[in-house]
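Overview (structure and organization)
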Amino acid sequence: MRVLVTSQVGKKVLMAVSGQLMTLFVIVHMLGNTTLFFGGLNAYAAKLHSLLLLVWTARLLMLTALVAHVVPGIQLYLENRKAKPGSYAIRNSLRATFASKNMVWTGMIIGAFLIYHLLHFTFQFIHPEQGASANIDPLGRPDVSRMVLFSFQSTAHALMYITALTALLLHLTHGIQSSFQSLGLNTDRSIPVIVRSGFVVAMVLFLGYIAVPLIILLGILKG
Amino acid sequence: MNLTLYVWRQKGPHAPGKLARYEARGISPEMSFLEMLDVVNESLIREGEEPISFDHDCREGICGTCSQVINGVPHGPQERTTVCQLHMRSFRDGDTIYIEPWRARAFPVIRDLIVDRSAFERIIQAGGYISVHTGGVPDGNALLIPKENADTAMDAAECIGCGACVAACPNGSAMLFTAAKVSHLAALPQGRVEAKRRVCLMTEEMLRQGFGSCSNHYECQAACPKGIRVSFIAKLNREFIKALPRGTNTAPPSPSHGTEAKE
């Protein structure tokens, strides 16, 4: 099993598995977000946080997946850059896409955003007075809705989230289909199907996520 | 046809290279790309200049020697065609054509458009073979192979080892080449015996030779003159995952093949 961390193919396998785990998390997270539209965000958050074992298992798993994704990702990026010293005078991409060529950069944007997002909504260091732990709703639950609604009334803030989510869209557009290929779960017939399905999943996630800052910014959802 | 060429000129492996401009005059559309270069070289020789060095051998699209990136595409604009089989009718009178060698750390330039591709040979040496006790010729059809497997093996065996996949890959990866060789042998009963060992050794050698890894851009499939498909890379990945529980066994095959054949 040592080859998983020494071999190029092994590193890609690690990246694929960890990437798919994180994609699953991103899907569940988006489904959780939708409770905001029906006024159920506080109830959802309260229930979720009462399941301590689930929350901490997920957190540890995600932290492990993050490390297993970022470390080999950066190692491979540096190796690949070394393997291709010069470029051509004219470069004609035949199949590579903007998304596939910029995985390391969209990944870094997502990483930076992840830190901000945790400081913002999980640790509530940014605007702590509006944080869920500082305010309780009439039913005595931490007021997560109030925190979210307050945050996205700022245009700059909402735009920052939308930018980060665009990076996520690009990253997943290539990442989802690429992970199936790296795990060998592909044949001539499945490749076009997986490429298209990967894009559809990435797009649905993108739309689902940007819906939150957008409808708050546009004043459709008010406190 | 009259063309303007920008050709990569480099005196040696360590000399700096640059693009030089040449005019190709009176080119017939029926000429192959290499014949066009022959005409240019003849005029260069007449003028007392160094001719452009380029690799070629069979000139019928099977040896995989001609290694030129034409206008940013390995083997030029025509799909599934080597440079020697590319004809000047694919271009228009007055076109400007950029001709460069394969670019990858593992393929150092020897001179002008010629690169050293022995890194491919070393990948093959690492495991791209089957160990057999030689003896008499086996009887035909003594070993039954399903038609589908035979077809897959033949498709993979179409690889001529030209290196266009490496030249096209933004990571300079040799995955398509290695995958074709791994898939070819893994599809046949004779090759299955050493399949696990082979995939580990060949991918290790790929890294050692300075090739990059696969980011699944699929540029290689588009550039391949023989139509080798990226589904073979998925096959290599499957073979690699199957070999995982055993780890990298780099020990040479045991002399008694009877025991290994039971795998």
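Along each chain, the written sequence defines residue order, and numbers are assigned to residues from 1. Working convention: letters from A go to chains and numbers from 1 go to ligands, in the order in which they are written. Per-residue local features of the predicted model are confined to residues with pLDDT of at least 70, and side-chain atom pairs are confined, for both listing and counting, to 80 or more; whole-chain, interface and lining totals are unaffected and use all residues. Heavy atoms from the whole structure form the basis of all side-chain values; hydrogens and water molecules are not counted.

Moving on: helix H2 (residues 8-33) of chain A. Segments assigned H or I by DSSP are reported as helices when at least four residues long, segments assigned E as strands when at least two residues long, and all are numbered from the N terminus. A helix is expected to reach a length of 1.5 Å times the quantity of its residues less one. Between its first and last C-alpha atoms H2 of chain A spans 37 Å; for 26 residues at 1.5 Å apiece the expected length is 38 Å, and the two agree. The N-cap residue of H2 of chain A is serine 7 of chain A: its side-chain oxygen and the backbone nitrogen of valine 9 of chain A are 3.0 Å apart. Here a polar contact means two N or O atoms within 3.5 Å. Within protein one must be a hydrogen donor candidate and the other an acceptor candidate, and residues neighboring in sequence count only if both atoms are side-chain atoms.

The next point concerns the packing of aromatic side chains. The description of two aromatic rings rests on the distance between their centres and on the angle between their planes. A pair of Phe, Tyr and Trp rings is counted when the ring centres sit within 6.5 Å of each other, with Trp represented by its six-membered ring. The angle between the planes then sorts it: under 30 degrees is stacked, over 60 is edge-to-face, the rest tilted. Here the structure, examined in full by the defined rule, presents 12 aromatic pairs over all chains. Relative to phenylalanine 120 of chain B, the ring of phenylalanine 107 of chain B lies with its centre 5.2 Å away and its plane at 75 degrees, an arrangement referred to as edge-to-face. Of this pair, phenylalanine 107 of chain B sits in the loop between strand E5 (96-100) and strand E6 (109-111) while phenylalanine 120 of chain B sits in helix H2 (residues 118-127), and the two are 13 residues apart along the sequence. Here phenylalanine 107 of chain B and phenylalanine 211 of chain B contribute two aromatic rings whose centre-to-centre distance is 5.6 Å and whose plane-to-plane angle is 85 degrees, an arrangement assigned as edge-to-face. With phenylalanine 107 of chain B in the loop between E5 and E6 and phenylalanine 211 of chain B in the loop between helix H7 (195-208) and helix H8 (219-223), this residue pair connects regions lying 104 residues apart in the sequence. Residue phenylalanine 107 of chain B shares its accessibility class with phenylalanine 211 of chain B, and that shared class is buried. Criterion for a charge above a ring: Arg CZ or Lys NZ at most 6 Å from the ring centre, at most 35 degrees from the ring normal. Lying over the aromatic face of tryptophan 56 of chain A, arginine 59 of chain A brings its terminal NZ or CZ to 4.9 Å of the ring centre. A cation sits over an aromatic face here: arginine 103 of chain B above tryptophan 8 of chain B, 4.1 Å from the ring centre. Each residue is assigned to one of three classes by its accessible area relative to the maximum for its type, calculated with a 1.4 Å probe on protein chains only: buried under 20%, partly exposed between the two thresholds, exposed over 50%.

It is worth spelling out the sheet that holds strand E1 (residues 3-9) of chain B at this point. Residue and element names in this part refer to chain B. For two strands to be treated as a pair, DSSP must find no fewer than two bridges joining them. If you walk across this open sheet you meet the five strands as E2-E1-E5-E3-E4, and the pairing is mixed. If you trace the sheet from one side to the other, it starts and ends with strand E2 (18-24) and strand E4 (73-74), each paired once. Inspection of the sheet shows E1 paired to E5 by four bridges, in the parallel sense. Bridging across to E5, threonine 4 finds its partner in threonine 96. Throughout, a residue-residue contact means that at least one pair of heavy atoms, one from each residue, lies within 4.5 Å. Axis lines are fitted through C-alpha atoms, for helices just across the contact stretch, and the angle between N-to-C directions can take any value from 0 to 180 degrees. Seen against the sheet, helix H1 (residues 33-46) touches E1, E2, strand E3 (69-70) and E5 and runs at an angle of roughly 80 degrees to E1.

Here the focus is the domain arrangement of chain B. Residue and element names in this part refer to chain B. As used throughout, domain bounds are those supplied by an automatic or database domain assignment. Looking at chain B, the domain boundaries give domain 1 (3-110) and domain 2 (118-243). Here domain 1 and domain 2 have C-alpha centroids that lie 29 Å from each other. Taken together, the contacts link 16 residues of domain 1 with 19 residues of domain 2. Each of two parts loses accessible area, computed with a 1.4 Å probe, when they are put together; buried area is these two losses added. Buried area between domain 1 and domain 2, summed over both chains or domains, comes out near 1,300 Å², and the portion from carbon and sulfur atoms is 62%. Counting the surface domain 1 buries against domain 2, the share from its top three residues, Arg80, Ala106 and Phe107, is 38%. Any carboxyl oxygen of Asp or Glu within 4 Å of a side-chain nitrogen of Lys or Arg constitutes a salt bridge here. Scanning the region where domain 1 abuts domain 2 turns up zero salt bridges. Linking domain 1 with domain 2 are three residue pairs in polar contact (both at pLDDT 80 or more). By the convention adopted, Pro, Cys, Tyr, Trp, Phe, Met, Ile, Leu, Val and Ala count as nonpolar, Lys, Arg, Asp and Glu as charged, and the other residues, Gly among them, as polar. Considered class by class, the residues forming the side of domain 1 that touches domain 2 number eight nonpolar, five polar and three charged.

Within the largest apolar cluster, 49 residues are counted, with the highest numbers of intra-cluster contacts made by Phe107, Phe120, Val166, Leu176, Phe211 and Ile233 of chain B. Elements with a contribution of two residues or more to this core: helix H1 (3-6) and H2 of chain A together with H2, helix H4 (164-168), helix H5 (175-186), H7 and helix H9 (231-243) of chain B. Tallying contributions element by element places H5 of chain B first for this core, with six residues. Excluding residues within four positions of it along the chain, phenylalanine 107 of chain B makes contact with Trp102, Val115, Asp116, Arg117, Ala119, Phe120, Gly163, Val166 and Phe211 of chain B. In this structure, Leu34, Leu37, Cys66 and Phe91 of chain B belong to the second largest nonpolar core, which totals 28 residues. Remark: nonpolar core denotes a set of buried residues (Ala, Val, Leu, Ile, Met, Phe, Trp, Tyr, Cys) joined through side-chain atoms within 4.5 Å.

A few words now on the side chain of asparagine 186 of chain A. Relative to the assigned elements, asparagine 186 of chain A resides in the loop between helix H8 (155-182) and helix H9 (190-217). A residue is classified by how much of its surface remains accessible, and asparagine 186 of chain A, at 2% relative accessible area, is buried. Here the side chain of asparagine 186 of chain A touches serine 190 of chain A through a polar contact of 2.7 Å, side chain to side chain. Leave out the neighbours within four places in its chain, and asparagine 186 of chain A touches Phe180, Gln181, Ile191 and Ile194 of chain A together with Tyr218, Ala234 and Arg238 of chain B.

A few words now on the interface of chain B and chain A. Listed as interface residues are 50 residues of chain B and, on the opposing side, 42 residues of chain A. Summed over the shared surface of chain B and chain A, the result is two salt bridges. For arginine 229 of chain B, the salt bridge goes to aspartate 188 of chain A, with nearest N and O atoms at 2.8 Å. Between the two partners, chain B and chain A, sit 32 residue pairs in polar contact (both at pLDDT 80 or more). Counting only elements with at least two residues in the side of chain B that touches chain A, the list comes to E5, H4, H7, H8 and H9 of chain B. Tallying contributions element by element places H9 of chain B first for the side of chain B that touches chain A, with eight residues. The residue inventory of the side of chain B that touches chain A, partitioned by class, reads 28 nonpolar, 16 polar and six charged.

The subject of this paragraph is the side chain of lysine 181 of chain B. All names here are of chain B. Within the fold, lysine 181 resides in helix H5. Among buried Asp, Glu, Lys and Arg side chains, lysine 181 stands out as unpaired, with glutamate 121 the closest opposite charge at 9.0 Å. Within the local environment of lysine 181, its side chain forms a polar contact with the backbone oxygen of cysteine 159, the two atoms lying 3.5 Å apart. Residues contacting lysine 181, with those up to four places away along its chain left out, are Ile124, Cys159 and Met202. Neither His nor the chain ends contribute to the count of charged residues, in which Lys and Arg are positive and Asp and Glu negative.

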